[in-house]
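# Examining the three-dimensional arrangement
The lines below spell out each chain.
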Amino acid sequence: MRVLVVSAPLLGHVFPLLPLALALREAGHDVVIATGGEAVRAGESGLPVEDVVGPDVHFGRVAARIMLTHPLVARAELRGSGRLDFVSRLFAAVNNAMTAPLQALATRWRPDVVLHEPLAAAGSTLDVPSIVQDVSLFDGLELTAAVSARMKAETHAPATVLRTAPASLAKFPGGLPMRFVPHAGTGEVPAWLAEPSGTPRILVSRSTAPGPGAGRMMAAVVEAAAHVDAEFVLVRPDRTDGLPDNVRTTGWVPVPAVLPFCDGIVHHGGAGTLLAALAAGVPQLVEPGPGDRTAHATAVAGRGAGLKATPRDITPELLTTLITTPKLQAAACEVREEMAKMPAPADIARQWESIVT
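Report follows, based on the coordinates. (Residues numbered from 1 in each chain as written. Predicted model: local features only at pLDDT ≥ 70, side-chain atom pairs only at ≥ 80, totals over all residues. Heavy atoms only, no water.)

Read across the open sheet, the seven strands follow the order 3-2-1-4-5-6-7; overall the sheet is parallel. With one partner strand each, in any of the chains shown, strand 3 (49-51) and strand 7 (176-177) form the two edges of the open sheet. Relative to strand 3, strand 2 (residues 30-35) runs parallel, the two being bridged by three bridges. Note that in strand 3 the partner of Thr35 across the bridge is Asp51. Lying over the sheet, helix 2 (residues 18-26) contacts strand 1 (2-6), strand 2, strand 4 (113-116), strand 5 (130-133) and strand 6 (160-163), oriented at roughly 155° with respect to strand 2. (Pairing = 2+ DSSP bridges. Helix = DSSP H or I, 4+ residues; strand = E, 2+ residues; numbered from the N terminus. Contact = heavy atoms within 4.5 Å. Axes fitted to C-alpha atoms, helices over the stretch in contact; angles between N-to-C directions.)

This is the structure we're talking about:
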């Protein structure tokens, strides 16, 4: 069976699709990834990648245009209370640009089925069955419908949805459960980061997507770090000079490979990082923000597997709480075990033809 895997042109959107895509290839199916921009790095997995996003598509320009024409929608989005008003407009514009190249690819390659993430609704414009894979704690069907409603091309309802969110954090009707398996691409992990540090270690990460205030949380953690009995590791920091003695830095690293050697993680609330931390059983401090980030921070804190905090909330006491509270560790481990019991991507791949038909 020929499977076309479609993602919006962002790393955080394509990487969660790759474990199933690789499992499908292993099960004997032909698989092609259709995406663009930085997400063409998916080709590092060994899967063929087709660029269906033109060079003129820039998220920043699209977002700026929406902010100018819909200022109230933009303001709500920045507060983290915009629901789907902003995101549906943003990704509908991107999907409109993807539609014609994607349809041309489908005409040439003739897929039997499309697997797409919720914000790549252009995948459901093709005249073949489509399957949505959830990649966050949001309902993938709701996200897909919101984007589809604003697109120019007609879309088709997906045949089903693969639910990767652990039910104790987010439960939606219908679909099939599938374990979230972290994937963060290739990248060398420094030897010192691939072993325990001897003291508690807190990883501090941020989004791969640019946005307002992207470095504020990292700066707040650095300011408090000297008064915490822990080693802090900043991933892709803005600066590397003048840091406290217990703060180290690294460039791009595959976060899932590093998490087993960490006692906590502070991050922006992106779905990939959040779900990877849950899968590793590592307590997390999540910053609420635009898009799905506020909902993610609220869900993790509500489950007891982490903390929800803004940069202005960061104190040495709060960071110490992250790594010394048994209840946080216990809840994070409970979620890890919950996720481990879900069907693996390889299990889904073995059932693929019956799922599609």
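Per the stated rule, a full pass over the model turns up ten salt bridges. A salt bridge links Glu231 to Arg248; its shortest N-O distance comes to 3.7 Å. Highlighted residues: Glu231 in strand 9 (residues 231-235) and Arg248 in strand 10 (residues 247-250), separated in sequence by 17 residues. With its nearest N and O atoms 3.1 Å apart, the salt bridge here joins Arg303 to Glu334. Taken together, the residues Arg303 in helix 10 (residues 293-303) and Glu334 in helix 12 (residues 326-340) connect sequence positions 31 residues apart. For Glu334, a relative accessible area of 46% gives the class partly exposed. The network of salt bridges with shared partners includes Asp134, Asp139 and Arg163. (Salt bridge = Lys/Arg side-chain N within 4 Å of Asp/Glu carboxyl O. Buried < 20%, exposed > 50% of the residue type's maximum accessible area, 1.4 Å probe, protein only.)

This part covers the packing of aromatic side chains. The tally for this structure, following the rule as stated, stands at one aromatic pair. Between Arg41 and the ring centre of Trp252, over which it is positioned, the NZ or CZ distance is 4.8 Å. Over the ring of Trp192 we find Arg248, and its NZ or CZ is 3.8 Å from the ring centre. (Phe/Tyr/Trp six-rings, centres within 6.5 Å; stacked < 30°, edge-to-face > 60°. Lys NZ or Arg CZ within 6 Å of the ring centre and 35° of its normal.)

Let us now look at unusual backbone geometry. In this structure, Arg110 is a non-glycine residue whose phi angle is positive, near 55°. Note that Arg110 resides in the loop between helix 5 (85-109) and strand 4. Classification of Arg110 by relative accessible area gives exposed; the value is 60%. One non-glycine residue, Arg236, lies in the positive phi region at around 55°. Among the structural elements, Arg236 can be located in the loop between strand 9 and strand 10.

Buried residues of helix 10: Thr294, His296, Ala297, Ala299 and Val300, and no others. The secondary structure elements touched by the buried residues of helix 10 are helix 4 (71-79), helix 9 (271-280), strand 12 (284-286) and strand 13 (306-308). Backbone geometry just downstream of helix 10 places Gly304 in the positive-phi region, at approximately 85°.

This brings us to the pairing of strand 9. The element strand 9 is extensively covered by neighbouring structure, given that five of its five residues are classed as buried. Alternating positions in strand 9 separate into two faces, Glu231, Val233 and Val235 on one and Phe232 and Leu234 on the other, with burial throughout. Pairing geometry for strand 8 (residues 201-204) and strand 9, over four bridges, is parallel. What sits directly across from Val204, in strand 9, is Leu234. Looking at chain direction, strand 9 and strand 10 are connected through four bridges and run parallel. The partner of Leu234 across the bridge, within strand 10, is Thr249.

Packing of helix 9 against helix 12 leaves a shortest axis separation of 6 Å and a crossing angle of 95°. Judged on the interaxial angle alone, helix 12 and helix 9 are roughly perpendicular. Listed contacts from helix 12 to Leu275, Leu278, Ala279 and Ala280 of helix 9 are Ala332, Val335, Arg336 and Met339. (Parallel < 35°, antiparallel > 145°, perpendicular 65-115°, else oblique.)

We now examine the packing of helix 3 (residues 59-69) against helix 5. The geometry of helix 3 relative to helix 5 is characterised by a closest axis approach of 10 Å and an angle of 135° between their N-to-C directions. One way to sum up the angle between helix 3 and helix 5 is to call them oblique. Judged by the sense of rotation from one axis to the other, the crossing of helix 3 with helix 5 is right-handed. Where helix 3 abuts helix 5, its residues Phe59, Val62, Ala63, Ile66 and Met67 lie against Phe86, Arg89, Leu90, Phe91, Ala93 and Val94. Of the residues in the contact of helix 3 with helix 5, the class split is ten nonpolar, no polar and one charged. (Left-handed = near helix turned anticlockwise from the far one by under 90°. Nonpolar A, V, L, I, M, F, W, Y, C, P; charged D, E, K, R; others polar.)

The strand order 10-9-8-11-12-13 describes an open sheet built from six strands, whose pairing is parallel. Both outer strands of the open sheet, strand 10 and strand 13, are each paired with one neighbouring strand and no more. Looking at each pair of strands side by side, their axes are set apart by 20° on average, direction ignored. Along the sheet, helix 7 (residues 216-225) makes contact with strand 8, strand 9, strand 10, strand 11 (264-267) and strand 12, crossing strand 9 at roughly 160°.

So, about the environment of Lys308. By the element assignment, Lys308 lies in strand 13. A residue is classified by how much of its surface remains accessible, and Lys308, at 42% relative accessible area, is partly exposed. Each C-alpha atom of the pair Lys308 and Gly140 lies 23 Å from the other, and the pair is 168 residues apart in sequence. Side chain to side chain, Lys308 and Thr298 meet in a polar contact 2.9 Å long. (Polar contact = N/O pair within 3.5 Å; in protein donor to acceptor, adjacent residues only side chain to side chain.)

So, to be careful, I would describe these as geometric facts and stop short of saying anything about function.
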